[in-house]
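Notes for the structure review
Each chain, written out:
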Amino acid sequence: VVFAVAMTFKYIERFVSMSYFGKALSAQTEAGAEYSINQALALYTNDSYLRTYSQIYLIKVNSLSKNGTLSDQDKLDLNNSFKETVAGATLATTTDSQNYLNFQLLGNVYQTLGNLGVKDVYGPAISAYKSASLLNPLNPGIQLSLATSSFLNGNVQDAKKYANQAL
């Protein structure tokens, strides 16, 4: 009876977490999405929730970086959002290391941060995309992302090679 009650409680937590996850996906504001995904992750952790968590913070990074002049609080928020988006994507890859979407997201996160001026992130982006490519070798989008990151990293030969593989 105790085991049945414990298992029922766990499944109720998962069910409630799905509700919060749905709210995060349909939220109209960054703050609402952030609150809902944090509630979902508090109840149950999986790679899909972690990818969404990372994407929410990536949106936050993009919106903060578009502001011309940042206050001290905005700079602190931007730095925290950088950390959270990388942490969420990295944790997704460790939670499910067989899902190429996790590695593709991690590569996208690093590439986006590189586009925003963060130094030395194209190497980790290429590494993440290579891991995604190993898990899904027939996906030309991953090859194109590899080509883009290689080009932005200054390696034109590899960029051409990946672009040709995508074709």
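Examining the overall build of the protein
When helices and strands are counted, the protein shows 8 helices and 0 strands. Traced from its N-terminal end to its C-terminal end, the protein shows the element sequence α-α-α-α-α-α-α-α. Based on the C-alpha atoms only, the size of the protein along its principal axes is roughly 65 × 45 × 25 Å. Within the protein, buried positions represent 38% of all 167 residues. Considering only contacts in the protein between residues 6 or more positions apart, those separated by 24 or more positions represent 50%.

Description of helix 2 (residues 30-43)
In an α-helix, one full turn covers 3.6 residues, which means residues spaced three or four apart are oriented alike. Between its first and last C-alpha, helix 2 extends 20 Å over 14 residues, near the 20 Å set by a 1.5 Å rise per residue. Every buried residue of helix 2 is accounted for by A33, E34, S36, I37, A40 and L41. Packed against the buried residues of helix 2 are helix 1 (2-26) and helix 3 (47-66).

A short note on the pattern of salt bridges
The full count for this structure, using the stated rule, is 2 salt bridges. For E34, the salt bridge identified is with K60, shortest N-O distance 3.2 Å. Taken together, the residues E34 in helix 2 and K60 in helix 3 connect sequence positions 26 residues apart. On the basis of relative accessible area, E34 is assigned to the buried category, the value being 18%. By relative accessible area, which is 18% here, K60 ends up buried.

A look at unusual backbone geometry
Phi is positive for D120, which is not a glycine, with a value near 60 degrees. Relative to the assigned elements, D120 resides in the loop between helix 5 (100-115) and helix 6 (122-135).

A few points about the side chain of Q104
Residue placement: Q104 occurs in helix 5. Residues contacting Q104, with those up to four places away along its chain left out, are Y129, A132 and I142.

Examining the packing of aromatic side chains
Here the structure, examined in full by the defined rule, presents 3 aromatic pairs. Arranged with centres 6.3 Å apart and planes meeting at 85 degrees, the rings of Y44 and Y49 form a pair that is edge-to-face. Among the residues examined, Y49 registers a relative accessible area of 4% and is labelled buried. Among the aromatic residues, those joined into a cluster by ring pairs are F21, Y44 and Y49.

Quick word on a nonpolar patch on the surface
A cluster of nonpolar side chains, namely I12, F15, V16 and M18, defines an oily patch on the protein surface of about 410 Å² accessible area. Within the element layout of this structure, I12 appears in helix 1. Among the residues examined, I12 registers a relative accessible area of 47% and is labelled partly exposed.

Things to note about the packing of helix 1 against helix 2
Across the interface, helix 1 lies against helix 2 with an axial gap of 8 Å and an inter-helix angle of 165 degrees. Relative to helix 2, the element helix 1 is oriented roughly antiparallel. Here the hand of the crossing between helix 1 and helix 2 comes out left-handed. Two secondary-structure elements touch here, helix 1 through E13, V16, S17, Y20, F21, K23 and A24 and helix 2 through A33, S36, I37, Q39, A40 and L43. When grouped by side-chain class, the residues that make up the contact of helix 1 with helix 2 number 8 nonpolar, 3 polar and 2 charged.

Reading guide: rules and limits
Residues numbered from 1 in each chain as written. Predicted model: local features only at pLDDT ≥ 70, side-chain atom pairs only at ≥ 80, totals over all residues. Heavy atoms only, no water. Helix = DSSP H or I, 4+ residues; strand = E, 2+ residues; numbered from the N terminus. Buried < 20%, exposed > 50% of the residue type's maximum accessible area, 1.4 Å probe, protein only. Contact = heavy atoms within 4.5 Å. Expected span 1.5 Å × (residues − 1). Salt bridge = Lys/Arg side-chain N within 4 Å of Asp/Glu carboxyl O. Phe/Tyr/Trp six-rings, centres within 6.5 Å; stacked < 30°, edge-to-face > 60°. Patch = residues over 30% accessible without salt bridge, like charges linked within 9 Å, V, L, I, M, F, W, Y side chains within 5 Å. Areas by Shrake-Rupley, 256 points an atom, 1.4 Å probe, with all protein chains shown as cover. Axes fitted to C-alpha atoms, helices over the stretch in contact; angles between N-to-C directions. Parallel < 35°, antiparallel > 145°, perpendicular 65-115°, else oblique. Left-handed = near helix turned anticlockwise from the far one by under 90°. Nonpolar A, V, L, I, M, F, W, Y, C, P; charged D, E, K, R; others polar.

Spatial relationships are all this shows, so hold off on functional conclusions.
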